[in-house]
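Fold and geometry: a report
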Number of protein chains: 6
Amino acid sequence: MKPKNPSDSRTIMTDLVLPSETNPLNNLFGGELLARMDRAASIAARRHSRRITVTASVNHVAFNHAVPLGSVLTVEAAVSRAFNTSMEVYIDVWMEDRYNGNRSKANEAIYTFVAVDESGKPTEVPPIEPVTDLEKERFAAALRRKQLSLVLAGKMKPNEATELRALFMGG
Amino acid sequence: MKPKNPSDSRTIMTDLVLPSETNPLNNLFGGELLARMDRAASIAARRHSRRITVTASVNHVAFNHAVPLGSVLTVEAAVSRAFNTSMEVYIDVWMEDRYNGNRSKANEAIYTFVAVDESGKPTEVPPIEPVTDLEKERFAAALRRKQLSLVLAGKMKPNEATELRALFMGG
Amino acid sequence: MKPKNPSDSRTIMTDLVLPSETNPLNNLFGGELLARMDRAASIAARRHSRRITVTASVNHVAFNHAVPLGSVLTVEAAVSRAFNTSMEVYIDVWMEDRYNGNRSKANEAIYTFVAVDESGKPTEVPPIEPVTDLEKERFAAALRRKQLSLVLAGKMKPNEATELRALFMGG
Amino acid sequence: MKPKNPSDSRTIMTDLVLPSETNPLNNLFGGELLARMDRAASIAARRHSRRITVTASVNHVAFNHAVPLGSVLTVEAAVSRAFNTSMEVYIDVWMEDRYNGNRSKANEAIYTFVAVDESGKPTEVPPIEPVTDLEKERFAAALRRKQLSLVLAGKMKPNEATELRALFMGG
Amino acid sequence: MKPKNPSDSRTIMTDLVLPSETNPLNNLFGGELLARMDRAASIAARRHSRRITVTASVNHVAFNHAVPLGSVLTVEAAVSRAFNTSMEVYIDVWMEDRYNGNRSKANEAIYTFVAVDESGKPTEVPPIEPVTDLEKERFAAALRRKQLSLVLAGKMKPNEATELRALFMGG
Amino acid sequence: MKPKNPSDSRTIMTDLVLPSETNPLNNLFGGELLARMDRAASIAARRHSRRITVTASVNHVAFNHAVPLGSVLTVEAAVSRAFNTSMEVYIDVWMEDRYNGNRSKANEAIYTFVAVDESGKPTEVPPIEPVTDLEKERFAAALRRKQLSLVLAGKMKPNEATELRALFMGG
């Protein structure tokens, strides 16, 4: 299949943070952010594959910045690497200061999706050809993440995960 | 502070899967499941700490079982270990066959919450004293997960994460 | 059909009270509580019958305790008695104090469900065998409630409702 | 206070039945209907009292007619009788055949509301002066229902509920 | 087809303004009001035509009055004129002062709907016969609005829109 | 105030069409599209003004293309011209074919917003400096639309709306 660029699947979902999505401190619930990111990422995966896509996994996500009620939140998702029938989607989340408009990073996350046909059977997707430096960096890191995922699932032995192992050997 | 058992915070959230939560294959969106688990886990964290709690992170989650429209889904959350101001919450998700009532595991996830006061400042929480074998196992593993989280965040050197490192050294 | 215990159908639905469910005093709308209880009770009825279940009626419900925004609310439902194709479901609602965790009774309600097949035709359900004292008491009272329901619907003459009548005879 | 007529508080809420409100047979959940009726009735109670109103109770409700997805449903609520600080609201629910437009009774229900001030303290409401035959009939019956409610709550002895008792004495 | 009166399709949708529908000033979002009006108007169009109806257009709408959180809002819609397969629906929106009950005009809008069969093909609808003075006035104006709509869509030359043109000729 | 370009306020809101937003033909309700466009446009207006913004009006909108359930819908909004305290926002709506990914125009709309301070009082906004040809064309047309709006509101005499009048004079 003909390769595609991450920009072919780039998906931007800008929306307000509403009262029914906030916790007692009037900040966005972590779970609501996870749900928005899933929706944006599933659209990116569909744009890359032109198939029905289902969430296979979400990587570790840390919530370091509170997102207050009434914020404008922008979720940007793009496929960072494809593996046969699955796609890693990298998601950047930005929030804007209501008054001066300054934009700051609110979060990052990495979801994996599988492309399926109408009966739910996995189907092949095009490979990714990264263009920018950031896309190339994420493309390379996606392989290490894939290895970690296989190790954690018991489908790869830790000492076979060559690049990943180096991280923990200190050498 | 006086220790508490995981069962003191156990939270059960049983509910139906509704049409507005499903994808084109009529299965629950991964993101909606992440949001439900976050809500159940935040209640467990509140029950343990009696404080406002905010999501700090969610561990890697794999979605291996589709949850069809109309399913009865049970999300069970309990604090598995406490660390000063943070709590790891372990979540088990079960689905029931509509006709024979067989209950099967639909998912597992691990969220971390921080207890805060009304101004959002972190406050201490009681330690956990595990009771059952499963609770003891999850309590022990929580330390390794904490180390992995610190390593991934660059707050601990990989070779200081003693137990975690053993996993990748093969001895 | 083989009898079942009320605990076989026990359904626990714990969730937060969100801003979109509250009235101008920031307390849960009565109607939203009725909807949550219906959902929990319908799951209990399905667990007892393993059929599609539809709400047949809800008994008189009094709202004596306000449930504030941000409360943790637990709805517990279990089938208390079965009558051929219908089931009485008894529902207990608990709320927790956000700070000291004290749990208090917020409400009680009794719904009746009918089990139906895919075409909507009523189908037989297993009988109930109560175990605990509370279950036995509710099982016995369910018969009187059934009689009252039949009397109010004009399907039973008041003087045939033996147990019910005694209540009003004062002797 | 100056009496008001039931028509002064009449509230009409016409709306569609949407997919997120329906059960596996594609009919409106009983609980969703209870929630709609509560919202319409609370507006009627507010129109009568010009106060904040909170649901005090809902009488026994039977669900005898399925309301299919896509139906036009009309909920009509009006205060039928006032008692010092509380109001009985009588609710009629109509559904329309999508094709021939025939309107049929889908349900009836009776809710009781209390008028309160900003601090939640009950406050007096105007009396009701029924005008039409139907309004007069409902006004009279409201007293018997009030007695039944007091008896069931243990606040009135059965033999003091004069009119109610007659129903069960058979003369 | 036999003509119908506007009152045959009159649809009243009274409901509260809830927190999830309000902007940072705690007033109803314009877009939420547009959505409510569309739902009420589509029911009016269905009542007139007894067909599935789809929104064809909405005329210019000005939002001159803020509608605060907690308001009782009444949307009244009725078909004002029919044109072969389309219907103009005139919508009046009223809000009530929470304390003194005074009712004031919050908005007006004009939507156009097309009646379609199950396959989405437009089908004929009955003509309108206006009865009251207001209905007659709106019926007459509907023709000018139809012309404006055709001119704006490039389907009628401005100088053929006889009545409309007079407005801008100043004589 | 320093002028801004339309691209400074450009807002992209991509999202799926969900079951609770669709009519009996399984297409997006017109009213739901109007609500989404209002939310995107209000964010664009806020980005231009860095103020709270409230919807002042929406121009005539035609719904010429059905948007099926499950579609990916992209709403793009940008301020096209500013007038003292108000802003015209031009909105383009695109839908994608699920299979071949072809993108087609689903709709266009024009909303006007007013910038206000915390007390709701209108405040000045920066002027717009259009850059691209399309932006210049929309900037110029915005003045004619402003005139039409003033004429329709009775705040400008038709013969003073110089450019607008020409349209209907045929020369």
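Below: a short report on this structure. As the structure is a computational prediction, the values presented were derived from the model and not from experiment.

Here is what the cut-offs are and how they apply
Residues numbered from 1 in each chain as written. Chains lettered and ligands numbered in written order. Predicted model: local features only at pLDDT ≥ 70, side-chain atom pairs only at ≥ 80, totals over all residues. Heavy atoms only, no water. Helix = DSSP H or I, 4+ residues; strand = E, 2+ residues; numbered from the N terminus. Rg over C-alpha atoms; globule rule 2.2 N^0.38 Å. Contact = heavy atoms within 4.5 Å. Areas by Shrake-Rupley, 256 points an atom, 1.4 Å probe, with all protein chains shown as cover. Lys, Arg positive; Asp, Glu negative; His and termini not counted. Charge placed at Lys NZ, Arg CZ, Asp CG, Glu CD. Buried area = accessible area lost by both parts, 1.4 Å probe. Salt bridge = Lys/Arg side-chain N within 4 Å of Asp/Glu carboxyl O. Polar contact = N/O pair within 3.5 Å; in protein donor to acceptor, adjacent residues only side chain to side chain. Buried < 20%, exposed > 50% of the residue type's maximum accessible area, 1.4 Å probe, protein only. Pairing = 2+ DSSP bridges. Phe/Tyr/Trp six-rings, centres within 6.5 Å; stacked < 30°, edge-to-face > 60°. Lys NZ or Arg CZ within 6 Å of the ring centre and 35° of its normal. Least-squares fit on C-alpha atoms with pLDDT ≥ 70 in both. Nonpolar A, V, L, I, M, F, W, Y, C, P; charged D, E, K, R; others polar. Axes fitted to C-alpha atoms, helices over the stretch in contact; angles between N-to-C directions. Parallel < 35°, antiparallel > 145°, perpendicular 65-115°, else oblique. Expected span 1.5 Å × (residues − 1).

The next thing to look at is the overall build of chain A. A tally of helices and strands in chain A yields four helices and six strands. From first element to last, N terminus to C terminus, chain A shows the α and β order α-β-α-β-β-β-β-β-α-α. Rg of the C-alpha trace for chain A: 17 Å, near the compact-globule value of 16 Å for 171 residues, within the 12% margin. Of all intrachain contacts in chain A linking residues separated by at least 6 positions in sequence, the fraction that spans at least 24 positions is 67%. Total accessible area computed for chain A in this model is approximately 7,200 Å², and 50% of it derives from carbon and sulfur atoms. For chain A, the distance from the average position of its 22 positive side-chain charges to the average position of its 20 negative side-chain charges is 4 Å.

Across the boundary between the two partners, chain D contributes 36 residues, which contact 36 residues of chain C. Buried surface at the junction of chain D and chain C, both sides included, amounts to about 3,000 Å², of which 69% is carbon and sulfur. At the boundary of chain D with chain C, the tally comes to zero salt bridges. Our enumeration of links across chain D and chain C arrives at six residue pairs in polar contact (both at pLDDT 80 or more).

As a further point, take unusual backbone geometry. Most peptide bonds take the trans form, and the phi angle of most residues other than glycine is negative. Within the chain, Arg50 of chain D stands out as a residue other than glycine whose phi angle is a positive 55°. Position of Arg50 of chain D relative to the elements: it lies in the loop between helix 1 (30-49) and strand 2 (52-58). Not every positive phi belongs to a glycine, and Asn26 of chain F is a case in point at roughly 65°. Structurally, Asn26 of chain F can be placed in the loop between strand 1 (11-16) and helix 2 (30-49).

Turning our eyes to something else, we now look at the pairing of strand 4 (residues 72-83) of chain A. All names here are of chain A. Summarising burial for strand 4: twelve of the twelve residues are buried, a large majority. By the bridge criterion, six bridges tie strand 1 (residues 11-16) to strand 4 in an arrangement that is antiparallel. Bridge assignment links Thr14 to a residue of strand 4, and that residue is Thr74. Where strand 4 and strand 5 (residues 86-96) come together, eleven bridges link them in antiparallel fashion. Bridge assignment links Ala77 to a residue of strand 5, and that residue is Ile91. Counting the residues that bridge the hairpin from strand 4 to strand 5 gives two residues, and of these Asn84 lies at a positive phi of roughly 60°.

Applying the stated criterion across every chain yields a total of six aromatic pairs over all chains. Taking the ring centre of Phe83 of chain C as reference, the NZ or CZ of Lys146 of chain C above it sits at 4.9 Å.

Right, let's get into the pattern of salt bridges. In this structure the tally under the stated criterion is 54 salt bridges over all chains. Glu96 of chain B is paired through a salt bridge with Arg47 of chain C; the nearest N and O atoms lie 2.4 Å apart. Residue Glu96 of chain B is found in strand 5 (residues 86-96), and its partner Arg47 of chain C is found in helix 1 (residues 30-49); the two belong to separate chains. Judged by its relative accessible area of 9%, Arg47 of chain C falls in the buried class. Where Arg36 of chain D meets Glu21 of chain D, a salt bridge forms, and the shortest distance between an N and an O atom there is 3.0 Å. Of this pair, Arg36 of chain D sits in helix 1 while Glu21 of chain D sits in the loop between strand 1 (11-16) and helix 1; the two residues are 15 residues apart in sequence, bridging distant segments of the chain.

The next subject is the relation of the copies chain F and chain E. Between chain F and chain E, the superposition needs a rotation of 180° and an axial shift of 0.0 Å, giving an RMSD of 0.1 Å. In symmetry terms, the pair is related by a two-fold rotation axis. Looking at the rotation axis and the C-alpha trace of chain F, the residue lying nearest is His60 of chain F, at 2.2 Å. The fraction of interface residues of chain F whose copies in chain E are also interface residues reaches 100%, indicating that both copies meet through the same surface.

What follows concerns the interface of chain F and chain E. Counting from both sides, the interface comprises 36 residues of chain F and, opposite them, 36 residues of chain E. In total, chain F and chain E occlude about 3,000 Å² of area from one another, counting both sides; carbon and sulfur atoms represent 69% of this. Scanning the region where chain F abuts chain E turns up zero salt bridges. Run the count over chain F and chain E and you get six residue pairs in polar contact (both at pLDDT 80 or more). Listed by contribution, the elements that provide at least two residues to the side of chain F that touches chain E are helix 2, strand 2 (52-58), strand 3 (61-62), strand 6 (103-116), helix 3 (133-152) and helix 4 (162-169) of chain F. A total of seven residues in the side of chain F that touches chain E trace back to one element, the largest contributor, which is helix 2 of chain F. Its residues assigned to classes, the side of chain F that touches chain E comprises 21 nonpolar, nine polar and six charged. Bridging between strand 2 (residues 52-58) of chain E and strand 3 of chain F involves two bridges; their strand directions are antiparallel. Looking across to strand 3 of chain F, one finds that Ser57 of chain E is bridged to Ala62 of chain F.

What follows deals with the relation of the copies chain D and chain C. Rotating chain D by 180° about the axis while translating it 0.0 Å along that axis superimposes it on chain C, leaving an RMSD of 0.0 Å. Comparing contact sets, 100% of the residues at the interface of chain D also lie at the interface in chain C, consistent with an isologous, same-surface contact.

Take the packing of helix 1 of chain C against helix 1 of chain D next. Contact geometry of helix 1 of chain C with helix 1 of chain D gives a least axis separation of 8 Å together with a crossing angle of 175°. What the angle tells us is that helix 1 of chain C and helix 1 of chain D run roughly antiparallel. Contacts from Gly30, Gly31, Glu32, Leu34, Ala35 and Asp38 of chain C in helix 1 of chain C reach Gly30, Gly31, Glu32, Leu34, Ala35 and Asp38 of chain D in helix 1 of chain D. Along the lines of polarity and charge, the residues of the contact of helix 1 of chain C with helix 1 of chain D split into four nonpolar, four polar and four charged.

Right, let's talk about the side chain of Arg46 of chain B for a bit. Residue placement: Arg46 of chain B occurs in helix 1 (residues 30-49). Buried and unpaired, Arg46 of chain B has no salt bridge, with Glu96 of chain C as the nearest side chain of opposite charge at 6.6 Å. A distance of 3.0 Å separates the side chain of Arg46 of chain B from the backbone oxygen of Gly70 of chain C, its partner in a polar contact.

On to the side chain of Thr112 of chain E, then. Turning to its location among the elements, Thr112 of chain E is positioned in strand 6 (residues 103-116). Those residues within four positions of Thr112 of chain E in sequence are excluded, and the remaining contacts are Val54, Thr55, Ala56, Ser57, Ser86, Met87 and Glu88 of chain E.

All names here are of chain A. Between its terminal C-alpha atoms helix 2 (residues 30-49) stretches 28 Å, which fits the 28 Å expected from 20 residues at 1.5 Å a residue. Here helix 2 lies mainly inside the structure; 19 of its 20 residues are buried. Where helix 2 terminates, the next one or two residues include Arg50, which has phi positive at roughly 55°.

Further remarks concern the arrangement of the chains. In this view chain A stays clear of chain D, with the nearest C-alpha atoms of the two still 17 Å from each other. Left apart from each other, chain B and chain E have a closest C-alpha approach of 17 Å.

A separate point is the environment of Thr162 of chain F. Residue and element names in this part refer to chain F. Checked against the element boundaries, Thr162 lands in helix 4. Owing to a relative accessible area of 58%, Thr162 belongs among the exposed residues under this scheme. Sequence separation between Thr162 and Ile43 is 119 residues; the distance between their C-alpha atoms is 32 Å.

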